[in-house]
Amino acid sequence: MVNPKKVPLNIQKEGSIFPYLLVNIGSGVSILRVDSPTAFERVSGTCVGGGTYWGLCRLAVSHDITFEEAFELATKGDPNKVNMTVSDIYGGDYKIFNLPGDVVASSFGKLMGVEHPREQVEPADIARSLLDMIAMNVAQLAYLNAMRCNITRILFAGNFLRQNDISMAMISYSIDYWSGGQIRACFLKHEGYFGSVGAFLFLKKKWKKKMLSSNFLFIFYSFSFFFFFLLPFCIPTAFFGRLAKTAQL
Ligand SMILES: Nc1ncnc2c1ncn2[C@@H]1O[C@H](COP(=O)(O)OP(=O)(O)OP(=O)(O)O)[C@@H](O)[C@H]1O
Ligand SMILES: CC(C)(CO)[C@@H](O)C(=O)NCCC(=O)O
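Predicted model, so just to flag it, every value in this text is computed and none were measured. (Residues numbered from 1 in each chain as written. Chains lettered and ligands numbered in written order. Predicted model: local features only at pLDDT ≥ 70, side-chain atom pairs only at ≥ 80, totals over all residues. Heavy atoms only, no water.)

Q: I would appreciate a short explanation of the site of ligand 2 in the present structure.
A: Close to ligand 2 lie G28, V29, S30, R42, G45, T46 and C47. For ligand 2, an oxygen atom lies 2.7 Å from a polar atom in the side chain of R42. Against a free-state accessible area of 390 Å², the protein chains account for coverage of 44% of ligand 2. At the level of elements, β2 (29-34) and β3 (40-46) are the ones that each hand at least two residues to the shell around ligand 2. The element contributing the most residues to the shell around ligand 2 is β3, with 3 residues. Its residues placed into classes, the shell around ligand 2 shows 2 nonpolar, 4 polar and 1 charged. (Near = heavy atom within 4 Å. Polar contact = N/O pair within 3.5 Å; in protein donor to acceptor, adjacent residues only side chain to side chain. Areas by Shrake-Rupley, 256 points an atom, 1.4 Å probe, with all protein chains shown as cover. Helix = DSSP H or I, 4+ residues; strand = E, 2+ residues; numbered from the N terminus. Nonpolar A, V, L, I, M, F, W, Y, C, P; charged D, E, K, R; others polar.)

This is the structure:
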């Protein structure tokens, strides 16, 4: 896989960012079609996400490994020690189906064979293959949903991608591969915060509405109190007070 170059997305040049597909890779993965700041729809999702990566690393590598440790380990691994590639099956490219030899035919597929015993595999190879498996799977689902929604821009977010250049590169490569260069993968700089920012903005809007309605009620009750209690009491008091003053004169 070639290491793709990071290019900033010039939204002004693009005209508009909308519509786009938002793929949030958290513990699970949600896929949303976004048409405007207020028009969006969850079109798909998958339970194979960041939580799957971390959980499987704890199962297959070390039961108390942190996400950072698992990721660091993955950077040192060789996925081809466990993945079965097209070339492992056909001895090279599978030309009639346009499949290059380095395409992964089966994640962890090499471990099926007795000639590749588990003992020869390092924990780093497992961590790396898992990381790639999740990224490739999410990328393919993102691509299929983009096709389904007739969208050419896919934005990826979620903490799985936090400081995770390996998966970003794999996703970019996969999207480019599947779409024949027609669809671009875009990544958000502060990818992990968008869920919290969205929740904050949503609640802020809700609170504003609530505050407005409670202000309205406050004004309504104040007026009612004035007209129905204070006014009937004030008018006679003022009238009789004035009468008493006139009588004294
Ligand atoms: N420091 C970290 N601690 C925990 N998880 C991390 C960390 N860094 C990256 N991750 C990854 O991010 C994932 C969680 O992502 P995020 O916080 O965006 O989603 P979530 O809210 O847990 O899940 P969902 O979107 O499914 O509700 C973890 O499963 C893990 O793969
Ligand atoms: C359940 C949520 C939305 C929680 O944020 C997320 O983890 C997710 O999208 N999971 C995948 C669920 C699915 O299979 O569509």
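There's more to say after this.
Q: Help me understand the packing of aromatic side chains, please; the structure alone is not making it clear to me.
A: A ring pair, where both rings are aromatic, is described by two values, the distance of the centres and the angle of the planes. Evaluation of the coordinates by the stated rule reveals 11 aromatic pairs. Aromatic side chains Y53 and F160 sit 6.0 Å apart centroid to centroid with 70° between the ring planes, which places their arrangement in the edge-to-face category. A residue pair is termed long-range when its members are at least 10 positions apart, and Y53 in helix α2 (residues 50-60) and F160 in the loop between β6 (153-157) and α6 (165-179) qualify at 107 residues. Take Y53: its relative accessible area is 0%, and that puts it in the buried class. What makes F160 buried here is its relative accessible area of 3%. Taking 5.5 Å as the distance between ring centres and 25° as the angle between the ring planes, the aromatic pair formed by F156 and F187 counts as stacked. Residue F156 is found in strand β6, and its partner F187 is found in strand β7 (residues 184-187); the two are separated by 31 residues along the sequence. The buried category is assigned to F156, whose relative accessible area is 0%. Classification of F187 as partly exposed rests on a relative accessible area of 25%. (Phe/Tyr/Trp six-rings, centres within 6.5 Å; stacked < 30°, edge-to-face > 60°. Buried < 20%, exposed > 50% of the residue type's maximum accessible area, 1.4 Å probe, protein only.)

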